[in-house]
Amino acid sequence: MVEIRLHGRGGQGTVVAAKILADAMSKIGKYVQAFPEYGVERRGAPVKAFIRIDDDIIYIKSQIYEPDNLVILEPALIGTIDLIYGLKEGGWIIVNTNKDPAEMKFDGNYRIATIPATKIALKHHLGSKAAPIVNTAILGGVIKILELCDLDTLVEAVREGVPIKEDANVAATKEAFESTKGGR
Amino acid sequence: MRKVIIGNHALSYGAMLSRAQVIAAYPITPQTEVIELLSEMCANGELDAKFIKVESEHSAMTACVGASATGVRTFTATSAQGLALMHEVLHWAVGARTPVVMGNINRAMAPPWTIWTEQTDSLSQRDTGWMQIYCQNNQEVLDSVIQAYKVAEQVKLPAMVILAAFVLSHTSETVEMPEQEKVDEFLPPYELEYKIDPDDPHAFGGLTGPDGYFELRYIIQKAIEDAIPKWEEVGEEFGKLFGRSYGLVETYKIEDAKELIISSATVASTARSAIDYLREKGKKVGLLRIRVFRPFPAEKVKSLLSAIDKAIVIDRNISFGASGIFYQEVKAACYNEKNKPPIFGVITGLGGRDVGKKDIIDIYEYVMKQDKVESDIIWKGVRV
Amino acid sequence: MPKKSEVKIIFESIKDMPPLAVSLYTMDYNKTGSWRNVRPIIDYDKCTYCTICWKFCPEPSIDLEKIEVDGKEKFKPIINYKYCKGCGICWTECPVDAIYTEEESE
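Residues numbered from 1 in each chain as written. Chains lettered and ligands numbered in written order. Predicted model: local features only at pLDDT ≥ 70, side-chain atom pairs only at ≥ 80, totals over all residues.

Q: Break down the overall build of chain C for me, citing the residues and quoting the values.
A: Helix and strand counts for chain C come out as 2 helices and 4 strands. For chain C, the succession of helices and strands along the chain, N to C, is β-α-β-β-α-β. Computed over the C-alpha atoms, the radius of gyration of chain C is 18 Å, more than 25% above the 13 Å expected from 2.2 N^0.38 for a compact globule of 106 residues. Within chain C, the proportion of its 106 residues that are buried is 14%. Taking the contacts inside chain C whose residues are at least 6 apart along the sequence as the reference set, 61% of them involve residues at least 24 apart. (Helix = DSSP H or I, 4+ residues; strand = E, 2+ residues; numbered from the N terminus. Rg over C-alpha atoms; globule rule 2.2 N^0.38 Å. Buried ≥ 20, exposed ≤ 12 C-beta atoms within 10 Å, placed from the backbone. Contact = placed C-beta atoms within 7 Å.)

This is the structure we're talking about:
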């Protein structure tokens, strides 16, 4: 089973990101579970979402305390709250930032990847400058780094999962897939 | 076909596939998505049903009871305060023998205002005569709605399909969608012998004196007792058609178990991972998940507990002044038995506090250090 | 569902009973006329056929008979003494005092 925890702000599409990724994984035959940290989904507030992926029925129903990988949609959260609690050694931290992975500092033995998701989202007019919606962009990088599924499968899930601007979201997903930098 | 859907939509699809004909509901967090989807289905013609908008949950249940008495299949859904407001009519649904099927999202009762999960709302309705099914995942939610109609219509009693707020209601999970033709084969149209019919008028629920009321209650008890084997039969028949069997209870790794963790719904589901961990450590512990709480599967519980050394009941609910409610029921079922283990009662996760694998391992390890039951409540996770 | 009986059904055991409280017979068997202390009598010389007594009778034990008066269709109230309880509403409501009463003799 793969467990991924997503950290973002309300309004960035963190919860929808988890759902779209779950849909994509379901398309390749996996059992999935995706859910937010319930009740705190307010615009601007720090939010968490969780996703579990397995080959069989998933019985565990709690939040994810020891994720295999972490996705940080909002880099401004780094240093303000503990984001990496419980992250397994050697796990990926995938961050939305224009910086290179080498510039990111986290205490512990983790692998780091960066995706300029805000830049990509703004380029494709997803959300506003004050509140860009970065979820579809970041997913393009997430599936590449974690080798979860092929781009076409994700694109299909994005098309089905976004409420508006299908083409712009798909373009953002593809661009992120191409421009993701990983490894340290 | 597989879909990734939230628990609330699993209820909606269950009602749709069962061809519910009248839906009356009032929105309440965390149930709203159930009726949002059903109202869409009614509006776009996907579901040929009358959607009745009402001004309260009391009216929602009243509309369902009235419609059901005319011989149509009815559905509603609610949660917590909404269920409490229905209370009077819940008794009416049972007395009128109307097989209404309702989804209830387990949410803690206010005050203080809360929207998170706990089972005290539905368990407060345990004496109404409603059948209660506690589900552990979205697949079971959908499947249980279909089975609930089958059992309810056979025994002429209403049934409540119950799921945890957010932990299922708003969690997207993989769900295998049953095919409509197979559901139609499994669930025949609803037939009612005693029904409201303008061409043959009768009065329903009229004044009944002590010379008749007593017998009518006796008949209800017999009907709900009949439902005990029916839930097994229907669950097996469902398995033959759809590949997923269900029963009154579900067990996990009990073959050589010396200890049994007993729980319900999603806490029981999470407990599986704790059992796996403890088994790896060489502990002989198994899991008993109580799926159908009313009618209570007392015989199953008694026989499973007769051969073990310790039982631990984990409740996400409380009967103030007594203890956890599943704990009371398990203890009561075993009281007259010769072979019964000490039964420990744990209360945890009230008001939606997360219950994880580690919590259940901690509970097990704590109980293993106890020689005897000192108190009816072991509090897990409360900051005292 | 069985058609309604006009005779009262006595349930000997639950085997005879429906599973819910439902009326299986009419109340025709219940001759409430025996409850009456005072008998209302309609004075048809005064009656204007307004049918107010028929509208108000709660039992209801006033029937209407279609008649012709001066070439016009009227409805004549007739009290059914098998069921009239003598409650007094008809003679209280009658606007022309066309209903008088007599004590019931034994």
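Q: Mind laying out the interface of chain B and chain A, listing which residues take part and the relevant values?
A: Where interface size is given, it is often the accessible area lost as the parts come together that is meant. At the interface, 20 residues of chain B touch 17 residues of chain A. Looking at the side of chain B that touches chain A, the elements that each hand over two or more residues are β1 (2-6), β8 (172-176) and α9 (265-280) of chain B. Broken down by element, the side of chain B that touches chain A gets its largest block of residues, 5 residues, from α9 of chain B. For the side of chain B that touches chain A, the residue count by class is 6 nonpolar, 9 polar and 5 charged. (Nonpolar A, V, L, I, M, F, W, Y, C, P; charged D, E, K, R; others polar.)

Q: If you had to explain the arrangement of the chains to someone new, which residues and values would you point to?
A: Here 2 pairs of chains make contact, and the pair sharing the most contacts is chains A and B. Nowhere do chain A and chain C come into contact; their C-alpha atoms are at least 41 Å apart.

Q: With reference to specific residues and values, describe the interface of chain B and chain C.
A: If you look at the interface, chain B gives 19 residues, while chain C gives 12 residues. The element contributing the most residues to the side of chain B that touches chain C is helix α8 (residues 210-242) of chain B, with 5 residues. Of the residues belonging to the side of chain B that touches chain C, the class tally is 7 nonpolar, 6 polar and 6 charged.

Q: Requested: an account of the domain arrangement of chain B, with residues and values cited.
A: All names here are of chain B. Partitioning chain B into structural domains gives domain 1 (2-242) and domain 2 (249-379). Domain 1 and domain 2 are separated by 28 Å when their C-alpha centres are compared. At the junction of the two partners, domain 1 supplies 27 residues and domain 2 supplies 20 residues. Listing elements by their share of the side of domain 1 that touches domain 2, those giving two or more residues are α5 (120-123), β6 (131-134) and α8. A total of 5 residues in the side of domain 1 that touches domain 2 trace back to one element, the largest contributor, which is α8. Here the side of domain 1 that touches domain 2 is built from residues that sort into 17 nonpolar, 7 polar and 3 charged. (Domains from an automatic or database assignment.)

Q: Residues and numbers for helix α5 (residues 166-179) of chain A, please.
A: If you check α5 of chain A, its first and last C-alpha atoms are 20 Å apart, about what 14 residues at 1.5 Å a residue would give, namely 20 Å. Those residues of α5 of chain A hidden inside the fold are in contact with β6 (111-115), α2 (117-123), α3 (135-146) and α4 (151-161) of chain A. (Expected span 1.5 Å × (residues − 1).)

Q: Just give me the short version of the sheet that holds strand β4 (residues 74-79) of chain B, but keep the residues and values in it.
A: Residue and element names in this part refer to chain B. If you walk across this open sheet you meet the 7 strands as β3-β2-β4-β5-β7-β6-β12, and the pairing is mixed. One side of each edge strand has no neighbouring strand; the edge strands of this open sheet are β3 (50-53) and β12 (292-294). Direction aside, neighbouring strands of the sheet carry axes that sit 20 degrees apart on average. Across 2 bridges, β6 lies against β12 in antiparallel orientation. Bridge pairing in β12 places Gln132 opposite Arg294. Across the sheet, helix α3 (residues 57-69) lies against β2 (22-25), β3 and β4, angled at about 160 degrees from β4, the strand it touches most. (Pairing = 2+ DSSP bridges. Axes fitted to C-alpha atoms, helices over the stretch in contact; angles between N-to-C directions.)

Q: Break down α9 of chain B for me, citing the residues and quoting the values.
A: Residues and elements named next belong to chain B. The end-to-end C-alpha distance of α9, which contains 16 residues, comes to 24 Å, matching closely the 22 Å that a straight helix rising 1.5 Å per residue would cover. With 12 of 16 residues buried, α9 is to be regarded as a mostly interior element. Looking one or two places after α9, you find Gly282, whose phi comes out positive at around 90 degrees.

Q: So what about the confidence of the model for chain C? Which residues, and what values?
A: Taken residue by residue, chain C gives an average pLDDT of 92. The fraction at 70 or more is 96%. Confidence metrics for the complex model read pTM 0.93 and ipTM 0.94. (pLDDT = per-residue confidence, 0-100.)

Q: Can you break down the environment of Met61 of chain B residue by residue, with the values?
A: Residues and elements named next belong to chain B. Position of Met61 among the secondary structure elements: in helix α3. For the pair Met61 and Gly321, spaced 260 residues apart in sequence, the C-alpha to C-alpha distance is 30 Å. If we skip the residues at most four places from it in the chain, Met61 touches Thr76, Met86, Val89, Leu90 and Ala93.

Q: Requested: an account of the nonpolar core, with residues and values cited.
A: Membership of the largest hydrophobic core comes to 182 residues, with the highest contact counts inside it found for Ile94 and Ile138 of chain A together with Val161 and Ile261 of chain B. When residues of this core are assigned to domains, at least three fall in each of domain 1 (2-242) and domain 2 (249-379) of chain B. Every residue in contact with Ile261 of chain B, bar those within four places of it in the chain, is listed here: Ala271, Ile275, Val285, Leu287, Ile312, Ile314, Ile360 and Tyr364 of chain B. By size, the runner-up hydrophobic cluster in this structure holds 10 residues, among which are Cys57, Tyr83, Ala98 and Ile99 of chain C. (Core = buried A, V, L, I, M, F, W, Y, C linked by C-beta atoms within 7 Å.)

Q: Provide a residue-level description of the packing of helix α1 (residues 7-17) of chain B against helix α6 (residues 138-155) of chain B, including the pertinent values.
A: Residues and elements named next belong to chain B. At their nearest, the axes of α1 and α6 sit 8 Å apart, and the two run at 25 degrees to each other. In terms of orientation, α1 lies roughly parallel with respect to α6. Judged by the sense of rotation from one axis to the other, the crossing of α1 with α6 is right-handed. The residues of α6 that touch α1, namely those facing Gly7, Ala10, Leu11, Tyr13, Gly14, Ala15 and Leu17, are Asn138, Val141, Leu142, Val145 and Ile146. Its residues placed into classes, the contact of α1 with α6 shows 9 nonpolar, 3 polar and no charged. (Parallel < 35°, antiparallel > 145°, perpendicular 65-115°, else oblique. Left-handed = near helix turned anticlockwise from the far one by under 90°.)

Q: Would you mind going over unusual backbone geometry in detail, with residue names and values included?
A: As a rule of thumb, non-glycine residues mostly have phi less than zero, and peptide bonds are mostly trans rather than cis. In this structure, Pro111 of chain B follows Ala110 of chain B across a cis peptide bond, with omega equal to -5 degrees. Assignment of secondary structure puts Pro111 of chain B in the loop between β5 (101-106) and α5. Between Glu59 of chain C and the following residue, Pro60 of chain C, the backbone shows a cis peptide bond with an omega angle of -15 degrees. As for its position among the elements, Pro60 of chain C is in the loop between α1 (52-56) and β2 (62-69). Phi at Asp97 of chain C takes a positive value of approximately 50 degrees, unusual for a residue other than glycine. Residue position: Asp97 of chain C is located in the loop between α2 (89-93) and β4 (99-103).

Q: Please provide a residue-by-residue account of the sheet that holds strand β10 (residues 259-263) of chain B, values included.
A: All names here are of chain B. Spatial ordering of the open sheet is given by β9-β11-β10-β13-β14-β15, a layout of 6 strands whose pairing is mixed. Strand pairing shows two members of the sheet lacking a second neighbour, β9 (249-252) and β15 (378-379), which therefore form its edges. Here strand β14 (residues 343-347) runs beside β15; their pairing, made up of 2 bridges, is parallel. Its bridge partner lying in β15, Ile347 is registered against Trp379. Contacting β10, β11 (285-290), β13 (310-315) and β14, helix α11 (residues 325-334) runs over the sheet at an angle of about 145 degrees to β13. Each of β10, β11, β13, β14 and β15 is contacted by helix α12 (residues 357-368), which is oriented at about 140 degrees to β13, the strand it contacts most.

Q: Could you give me a rundown of the pairing of β13 of chain B, with the residues and numbers involved?
A: All names here are of chain B. Most of β13 sits inside the fold, with 6 of its 6 residues counted as buried. Side-chain alternation along β13 places Lys310, Ile312 and Ile314 on one buried face and Ala311, Val313 and Asp315 on a second face that is also buried. Alignment of β10 against β13, held across 4 bridges, turns out to be parallel. When the bridges of β13 are listed, Ile262 appears paired with Val313. Between β13 and its parallel partner β14, the chain crosses via α11, and the hand of that crossover is right-handed. (Right-handed = clockwise from strand over helix to strand, strands pointing away.)

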